[in-house]
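Report on the structure
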Amino acid sequence: MSQRKDKELRGSSNKPVGDYRRWLKAYAQDLDWLPSLRTTKGVEVETPEEDEEVQALKTKLEKAQTVKERFKSVAVRIRKENVELRDVNIATTKALEQETKRARREEHGQNKF
């Protein structure tokens, strides 16, 4: 059986009542781990220096991005060549079909006589 823990927030029509932030502040006062999650405003936080592992990972990422860009440019070039070859193939097919039709007409004309 489930029990609603937010009954103090709800009225008789089951709609929120009162100020949620006020309720949350009162509810959170009992939580001792909550202050560790807070951040202080206006205080400069010292950023830790990157260790060797982070530097190595950044270098590896940069290399991977360079490889990706090279691969992308090669893929674009191959795609363009593919389109050109397809156009040549279509033109060759059309020319072959026309030549085949002409040869059949010529053969058909020779067989009549």
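Shown above is the structure to which this text applies.
My aim in this report is to walk through the structure given alongside it, one point at a time. (Residues numbered from 1 in each chain as written. Predicted model: local features only at pLDDT ≥ 70, side-chain atom pairs only at ≥ 80, totals over all residues. Heavy atoms only, no water.)

1. Overview of the overall build of the protein
Helix and strand content of the protein: two helices and zero strands. Surface exposure of the protein reaches about 11,900 Å², of which carbon and sulfur atoms provide 54%. (Helix = DSSP H or I, 4+ residues; strand = E, 2+ residues; numbered from the N terminus. Areas by Shrake-Rupley, 256 points an atom, 1.4 Å probe, with all protein chains shown as cover.)

2. Things to note about the pattern of salt bridges
Applying the stated criterion across every chain, the model contains three salt bridges. A salt bridge links Arg 102 to Glu 99, with the nearest nitrogen and oxygen atoms 2.3 Å apart. Of this pair, Arg 102 and Glu 99 are both found in helix 2 (residues 52-112), three residues apart, which corresponds to roughly one turn of the helix. Owing to a relative accessible area of 41%, Glu 99 belongs among the partly exposed residues under this scheme. Of the charged contacts, one joins Glu 106 and Arg 102 as a salt bridge, the two residues approaching to 2.8 Å between their closest N and O atoms. Taken together, the residues span about one helical turn, with Glu 106 and Arg 102 both in helix 2 at a distance of four residues. With relative accessibility at 36%, the residue Arg 102 sits in the partly exposed group. Overlapping salt bridges, with partners in common, bring together Glu 99, Arg 102 and Glu 106 in one network. (Salt bridge = Lys/Arg side-chain N within 4 Å of Asp/Glu carboxyl O. Buried < 20%, exposed > 50% of the residue type's maximum accessible area, 1.4 Å probe, protein only.)

3. Describing a nonpolar patch on the surface
On the surface, a nonpolar cluster with roughly 320 Å² of combined accessible area is contributed by Tyr 20, Leu 24 and Tyr 27. Mapped onto the fold, Leu 24 is located in helix 1 (residues 20-28). By relative accessible area, which is 35% here, Leu 24 ends up partly exposed. (Patch = residues over 30% accessible without salt bridge, like charges linked within 9 Å, V, L, I, M, F, W, Y side chains within 5 Å.)

Geometric values such as these leave the question of function open.
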